[in-house]
Amino acid sequence: MTDRQLQEPTRLVLTALADAPRHGYAIIQEVLAISGGDSRLSTGTLYTALDRLFQQGLVRIESEEVVSGRLRRTFALTGQGQDALAQEAKRLRAAATEAERRLSAFRPRPEGATS
Amino acid sequence: MNDVTTGHDTPRAGRLLIGLYPARYRSAQGDDIHATFAEATQGRTRSAVLREYRDLATHALRLRLRIGPTDPAGRVLAGAAPTALALAAGCALYFLLPGLVHRIRAPRPDLGLGHAVPAAVLQLARAAPWLLALGIAVTGRWRAARIAAVAAALLSGGVQALNGLHPYSAGQLAGMALVGALVLLAPAGLVDVTQRGRWEMAGLALAVALPATVADRYMAQHLPLPMLGLLPIWLGTLTAPALLGRLADRRRDPLQAVGVGLGTLPWLMPLTAVAAFDPPPRLRPLLEYAGACVAPLGMALAVAGAVQLARRVRASDPSDLA
């Protein structure tokens with residue numbers, strides 16, 4: 001499952017966990033910051049993505065603590081999750097490099113040219 | 001009007017929504033989800049909080065119905081939904097263009113153009129929403145396509161009901177409802193809206209409509225058999241290579257691949273309805289016809305099974321290592 005292109009929320013959640021373990025709301029805030037304010041995950045969407053990442057073995061529970069009488073979990077990437085994100089970053093970098101190469105090679109035709 | 005939530009009412013609503021989760025999941029994750037939900041809704045606008053409610057309820061209900069993206073049924077639905085939508089849009093295109101032209105150019109002599117124009121409008125109302133839903137899906141916006149497809153199912157079902165219901169047309173209506181249900185229930189995050197998936201949807205729809213339209217004209221002139229009668233077989237035949245391709249691709253989820261084949265089920269509903277509510281004196285021709293509809297898919301499954309077997313044999317053959 002990990003060798004295919006990652007869905008946007010999945011990639012954003014993995015990226016949010018890449019530098020440090022985080023709890024649910026911190027992931028939502030990180031995703032908002034990473035996407036420049038474009039993507040705000042809802043709680044339902046976040047836990048849908050986390051369920052899938054758990055099943056694929058890309059995310060694990062780093063720690064559990066009780067805050068105001070409630071259990072709160074902190075999530076972290078597994079080794080497999082780090083590999084999947086690195087692979088995705090490589091794919092995106094290659095696509096961006098190719099796009100830039102083609103744009104720099106583009107020579108607009110002079111106005112009035114017919115062929 | 002105060003459009004920002006105070007945070008006093010959301011914890012209670014959150015607790016109610018957490019109650020929708022299956023007991024086992026709730027005991028494992030409920031506290032954590034509730035804590036995140038309470039923080040995520042604090043100080044947000046009412047519309048943002050409503051979206052939070054909707055998404056949390058959807059997540060909970062998917063888990064309860066076992067159609068989440070990690071459930072086998074959810075994975076099957078994610079494969080079936082884009083196929084069903086593409087086939088529905090292809091059929092809509094096939095019915096729309098020749099039907100409109102024929103109705104306007106050759107109105108029934110006893111009813112005239114006064115009847116032909118409303119009939120053409122009804123036909124347009126039935127078909128255009130499916131094309132719109134596919135168009136949105138092809139741009140990669142599956143969530144919006146899902147809303148459009150459900151609207152298309154309701155609209156085409158309504159028009160179908162206006163024309164009166166007998167077992168065959170009731171089966172057609174049930175088929176359209178099934179397409180709407182497949183698209184609605186498929187986990188949005190799992191549906192393949194990559195460039196390849198989008199091209200597959202568009203290609204499948206065109207592969208339904210264009211050859212069927214040409215064959216329709218040919219058969220009307222040369223054969224005593226309307227193309228309409230062969231449409232379910234044509235849909236199964238077209239879906240079979242897509243099913244085979246998915247099953248043979250080791251990177252693809254096999255359950256999603258099986259879903260691609262199940263995307264043709266809505267077009268078997270009219271046969272099922274006839275067999276159940278108005279069975280002909282001899283059931284055998286009906287069963288043979290149903291068999292002809294699913295035979296291409298069965299062949300695709302058999303070929304994919306043979307390919308898998310050959311791969312395993314090759315992988316375990318020590319002479320290949322030399």
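Residues numbered from 1 in each chain as written. Chains lettered and ligands numbered in written order. Predicted model: local features only at pLDDT ≥ 70, side-chain atom pairs only at ≥ 80, totals over all residues. Heavy atoms only, no water.

Draft legend 1. Expanded view of the overall build of chain B. When you go through chain B residue by residue, the secondary structure sums to 12 helices and zero strands. For chain B, the sequential pattern of α-helices and β-strands runs α-α-α-α-α-α-α-α-α-α-α-α. Among the 322 residues that make up chain B, the fraction classed as buried is 43%. The long-range share in chain B, meaning contacts at least 24 apart out of those at least 6 apart in sequence, stands at 72%. Carbon and sulfur atoms provide 68% of the accessible area of chain B, an area that totals close to 16700 Å². (Helix = DSSP H or I, 4+ residues; strand = E, 2+ residues; numbered from the N terminus. Buried < 20%, exposed > 50% of the residue type's maximum accessible area, 1.4 Å probe, protein only. Contact = heavy atoms within 4.5 Å. Areas by Shrake-Rupley, 256 points an atom, 1.4 Å probe, with all protein chains shown as cover.)

Draft legend 2. Spotlight on the interface of chain B and chain A. The interface of chain B with chain A comprises 29 residues on the first partner and 26 residues on the second. Counting every contact that joins chain B to chain A gives one salt bridge. One salt bridge in this structure joins Glu39(B) and Arg72(A), with 2.3 Å as the shortest N-O distance. For the pair chain B and chain A, the interface holds 13 residue pairs in polar contact (both at pLDDT 80 or more). Examining the composition of the side of chain B that touches chain A, we find that 12 residues originate from one element, helix 2 (residues 23-41) of chain B, more than from any other. (Salt bridge = Lys/Arg side-chain N within 4 Å of Asp/Glu carboxyl O. Polar contact = N/O pair within 3.5 Å; in protein donor to acceptor, adjacent residues only side chain to side chain.)

Draft legend 3. Highlighting the layout of surface pockets. Computed from the structure, the second largest pocket encloses a volume of approximately 800 Å³. Lining the second largest pocket are 31 residues, and of these Glu8(A), Pro9(A), Ser39(A), Thr45(A) and Arg143(B) lie nearest its centre. Among the secondary structure elements, those contributing two or more residues to the lining of the second largest pocket are helix 1 (8-16) of chain A together with helix 3 (46-65) and helix 6 (142-162) of chain B. Among the elements that line the lining of the second largest pocket, the one with the most residues is helix 3 of chain B, at five residues. (1 Å grid on protein atoms, 1.4 Å probe; cavity = no way out; pocket = protein on both sides within 12 Å on 5 of 7 lines; lining within 4 Å. Points joined across faces, edges and corners; volume = space filled by probe spheres on them.)

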